[in-house]
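Listed below, chain by chain, are the residues.
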Amino acid sequence: MEDFFTYSVILGIFVATVKIATPLLIAATGELVAESSGILNLSLEGTMTIGAFTGFLVANETGSLWLGLLGAAAGGAALGLLMAVMTATVKVNQVVAGLALNILGLGGAFFWYRSVYDEGGAVALPTVDRFETVAVPLLSEIPALGEVFFDQHWLTYFAVVMVPLTFVFLYRTKYGLELRSIGHNPEACDMRGVGIISRQYTAVIYGGVMAGLGGAFLSLSEAGQFFPDIIAGRGWIALAIVIFGNWRASWILVGSLLFGFLEATQLSLQAQDVNLPYQLLLALPFILTIAALVFNRSRSRVPLALTIPYHRGER
Amino acid sequence: MDTTPVTAPGNDILVAEEVTKVFPGVIANDAVNLNVRRGEIHCLLGENGAGKTTLADILYGVYRPDDGRVLLNGEPLDLHSPRDAIEAGIGMVHQHFELVPPMSVIENVVIGTGAKQWLDLSEARRRLEEFFADYDVEIDPDAEVGRLSVGEQQWVEIFKTLYFGVEILILDEPTAVLTPQGVDELFRILRQMRDEGLTIILITHKLREVIALSDRVTVLRRGEVVGTVNTADVEQRDLARMMVGRDVLMQADKAQHDTGEVVLKIDDIHLASDTGRGSLKGLSLDVRGGEILGIAGVSGNGQNALFDAVVGVRHPEQGTIRIADADTTHAPPHKVALQGVASVPGDRIAQGLMMDFSVKENLILGNQRARRFARAGVLNRAEIDRFADESIEHFEIKTPSASQTTSTLSGGNLQKIIMARELSGEPRLIIVHQPTRGLDIAASEYVRRRLIEERDRGVAVLLMSEDLDEIFQLSDRIAVIYDGRIDYVAEPEATSLEEIGLYMAGVVEAAGAAP
């Protein structure tokens with residue numbers, strides 16, 4: 001047990017925390033924007049899987065990781081577009097649409113992967129060279145802090161920068177105000193002449209792009225390859241983080257780091273063979289989310305019209 | 001507000017020609033003609049379901065007419081959405097507010113306005129403060145809209161619309177949520193706005209308001225225009241006849257009679273609501289057999305909590321509720337019903353009925369476990385059919401059959417289903433919330449007559465309504481609920497609309513004797 005509390009192990013946990021938090025944060029800030037418009041996109045897990053795959057596919061075919069990111073964004077956008085068509089235009093039940101697209105994303109990515117790379121028989125898994133971490137000059141020299149925060153992947157810096165940008169977008173721009181208004185009361189916006197469908201498309205497709213990029217972090221920055229369960233529940237955790245963060249960007253950052261920390265600790269405990277039930281740590285994000293829901297009950301910022309399709313003239 | 005010098009005051013500004021709008025099964029507007037003159041207050045008068053709101057929604061671009069056309073300043077106007085109407089200078093405040101409750105007053109006002117993407121609230125704040133100062137309205141621009149009173153929310157709605165710089169303002173039943181003094185205040189300001197050049201179209205079914213406020217009035221009945229008259233040339237009686245098509249009894253027949261024992265006794269109950277609005281804070285009242293106790297009040301002052309507490313949906317944290325000899329403070333709804341309590345909820349569609357169920361299923365809803373309708377958990381269909389047919393005949397429910405899907409019926413018939421169900425058990429207490437909201441005059445008269453019949457039978461009736469005329473018409477005693485308390489009870493002969501209004505607004509506090 002005393003081995004566990006060494007400097008290097010603890011530093012390792014913190015470095016891993018930030019890495020693990022990255023895809024969660026990217027997907028969750030995207031989902032925050034989508035949900036702000038009143039659309040709950042439950043297909044994050046499938047969308048991240050598609051993003052991880054299309055990112056890997058493009059990177060593998062072109063040899064460019066940056067083009068790979070574009071591919072991931074496009075894959076996520078495609079699923080986001082489907083979600084928007086089903087919910088904003090056709091007005092299908094959002095839970096049903098989300099779950100259906102989730103299965104489509106998971107199954108579709110695997111099918112596509114097999115049809116491209118599996119020639120039958122055991123083949124070595126194709127790999128790409130991963131993104132290198134990027135050390136920020138000077139800042140990365142700070143002991144401990146530098147290693148944890150300033151020697152990370154491009155996508156990690158991107159994820160962190162997106163937190164204030166998302167806040168500014170939602171609360172300091174006209175478009176963001178209108179998006180949030182739609183999420184609370186679409187009829188009020190319709191009567192004010194604010195176009196609902198176009199904004200919901202924008203928000204949900206944006207959420208898809210972010211989920212795709214979150215998935216690509218796993219295939220292009222972490223693994224350097226694609227395998228079917230690469231997302232391993234992170235899409236669901238990202239959804240939980242939006243709830244845990246009470247639909248606020250800053251608390252979504254906190255939630256991502258907290259859930260990342262729990263996961264990193266759990267992994268480290270297992271690796272060190274510490275005799276503690278790691279399952280408890282695996283369950284903690286969800287327990288915390290429920291606790292946050294109860295705690296925030298009276299001041300919940302949940303968009304009031306979340307999951308409710310809007311039909312003009314139904315009063 | 002600037003007056004446009006293009007046309008002189010008094011000319012037609014907005015005209016509807018032969019406008020027809022058909023919804024499945026009903027002609028909402030049948031070749032309707034309307035002409036509104038610049039700078040006038042024009043009332044659209046009609047019963048619920050006469051087509052007033054549909055006509056206004058067509059003028060505001062919510063619906064497109066199936067036939068006919070709309071002219072603005074003599075030019076045909078082709079509206080595809082409210083946005084088009086706003087750009088043409090037409091704004092509308094709906095009866096159901098179109099507000100975003102978690103956002104501030106200013107945020108609500110700027111939604112859909114301004115060209116700049118960067119959110120700049122200072123201009124809106126300046127204009128808002130100016131506006132409130134001009135018209136003597138006191139509202140904090142940074143307050144969260146959901147926490148304002150309904151009267152204040154209405155001001156936010158009105159200013160929100162004027163912020164677009166419209167020249168024509170359509171108001172749909174704006175007085176429904178106001179106290180009598182609030183109505184006077186609104187009318188004073190609307191006259192001021194008219195004198196400054198605004199054209200106002202006001203939708204109402206209240207004759208008194210038409211007489212008090214309007215310059216001209218167009219009366220609609222069953223989707224057709226009965227006529228347009230100068231308000232100065234007519235009296236309430238004439239308008240009533242135009243609106244209903246026959247002479248209307250303005251007073252319900254109600255014989256004096258003696259009251260019995262106390263049936264419902266509520267003592268100092270406290271019940272906190274989740275949002276903090278509409279909590280009960282030490283409310284006491286009692287209702288005797290054979291009397292109607294009418295509770296007046298602006299919505300949001302605890303009516304819903306009181307209803308829920310009496311029927312057992314929510315339980316007070318403190319205080320007691322007794323029905324006859326039984327303590328029902330913590331009893332669940334079906335136990336309360338067993339004490340002979342019938343309830344007619346304020347939102348008949350959300351709380352009173354399963355809209356996708358058949359009429360007969362709704363007629364036994366809640367009584368499905370009664371021995372009469374089920375044996376060993378299996379529904380007795382023959383008995384249910386018999387009961388349904390009886391109820392349909394007895395309560396004059398207009399439906400093709402007892403198996404008809406409930407959602408296809410009109411509001412009046414929906415209310416009759418609930419009344420038939422609730423009165424079938426011969427209750428000793430009836431609690432009704434907004435029993436005639438949205439009903440036409442014939443259905444309202446029917447519901448009121450039934451309530452008086454029950455009272456004459458010796459039943460205790462607790463009536464909550466925002467319609468003060470109804471309260472005065474039906475009640476043997478009138479109580480006012482304000483901020484979760486009842487501090488004023490009086491007999492209708494011993495009080496007045498004005499006095500009740502002051503208590504409803506909380507202007508006079510606890511000066512009247514508590515019961």
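None of these values were measured; they are calculated from a predicted model.

The rules behind these values
- Residues numbered from 1 in each chain as written.
- Chains lettered and ligands numbered in written order.
- Predicted model: local features only at pLDDT ≥ 70, side-chain atom pairs only at ≥ 80, totals over all residues.
- Heavy atoms only, no water.
- Pairing = 2+ DSSP bridges.
- Helix = DSSP H or I, 4+ residues; strand = E, 2+ residues; numbered from the N terminus.
- Contact = heavy atoms within 4.5 Å.
- Axes fitted to C-alpha atoms, helices over the stretch in contact; angles between N-to-C directions.
- Salt bridge = Lys/Arg side-chain N within 4 Å of Asp/Glu carboxyl O.
- Buried < 20%, exposed > 50% of the residue type's maximum accessible area, 1.4 Å probe, protein only.
- Phe/Tyr/Trp six-rings, centres within 6.5 Å; stacked < 30°, edge-to-face > 60°.
- Lys NZ or Arg CZ within 6 Å of the ring centre and 35° of its normal.
- pLDDT = per-residue confidence, 0-100.

Participant: Report on the sheet that holds strand β14 (residues 318-323) of chain B, specifying residues and quantitative values.
Facilitator: Two pairing modes exist for strands in a sheet, parallel and antiparallel, and in both the strands are linked by backbone hydrogen bonds. Residues and elements named next belong to chain B. With respect to topology, 4 strands assemble into an open sheet ordered β12-β11-β14-β15, the strand pairing being antiparallel. Every interior strand has two partners, whereas the edge strands, β12 (280-288) and β15 (326-327), have only one. Where β14 and β15 come together, 2 bridges link them in antiparallel fashion. Each bridged residue has a counterpart across the sheet, and for Ile323 the counterpart in β15 is Ala326. Those strands touched by helix α9 (residues 303-311) are β11 (262-271), β12 and β14, and its axis lies near 120° from that of β11.

Participant: Account for the pattern of salt bridges, naming residues and giving values.
Facilitator: Residues and elements named next belong to chain B. Using the criterion set out here, one finds 35 salt bridges over all chains in the structure. Among the ionic pairs, Glu123 bridges to Arg126, the shortest N-O distance being 3.2 Å. Highlighted residues: Glu123 and Arg126, both in helix α4 (residues 122-134), separated by 3 residues, approximately one helical turn. Owing to a relative accessible area of 36%, Glu123 belongs among the partly exposed residues under this scheme.

Participant: For unusual backbone geometry, give the residues involved together with the corresponding values.
Facilitator: All names here are of chain B. For Asp136, which is not glycine, the phi dihedral falls at a positive 60°. Despite not being glycine, Ala324 has its phi angle at roughly 50°, a positive value. Secondary-structure assignment places Ala324 in the loop between β14 and β15. The class for Ala324 is partly exposed, based on a relative accessible area of 26%.

Participant: Mind laying out the packing of aromatic side chains, listing which residues take part and the relevant values?
Facilitator: Summed over all chains, the structure comprises 21 aromatic pairs over all chains. Note on Phe167 of chain A and Tyr171 of chain A: the rings are 5.1 Å apart at their centroids and 20° apart in plane angle, and the pair reads as stacked. Of this pair, Phe167 of chain A and Tyr171 of chain A both sit in helix α6 (residues 154-172), 4 residues apart, which is roughly one turn of the helix. The exposure class assigned to Phe167 of chain A is partly exposed, which follows from its relative accessible area of 38%. Of the aromatic side chains, those joined through ring pairs into one cluster are Phe53, Phe56, Trp112, Tyr113, Tyr117 and Phe226 of chain A. Here the basic side chain of Arg180 of chain A rests over the ring of Tyr171 of chain A, its NZ or CZ set 3.9 Å away from the ring centre. We note Arg450 of chain B situated over the ring of Phe395 of chain B; from NZ or CZ to the ring centre the distance is 4.1 Å.

Participant: An account of the confidence of the model for chain B is requested, with residue identities and associated values reported.
Facilitator: Residue and element names in this part refer to chain B. Residues of chain B with pLDDT of at least 70 account for 95%, and the chain-wide mean is 89. Overall, residues 511-515 carries pLDDT values under 50, and its contacts beyond four positions in sequence, including any with other chains, amount to 10 contacts. As a predicted assembly, this complex carries a pTM of 0.83 together with an ipTM value of 0.84.

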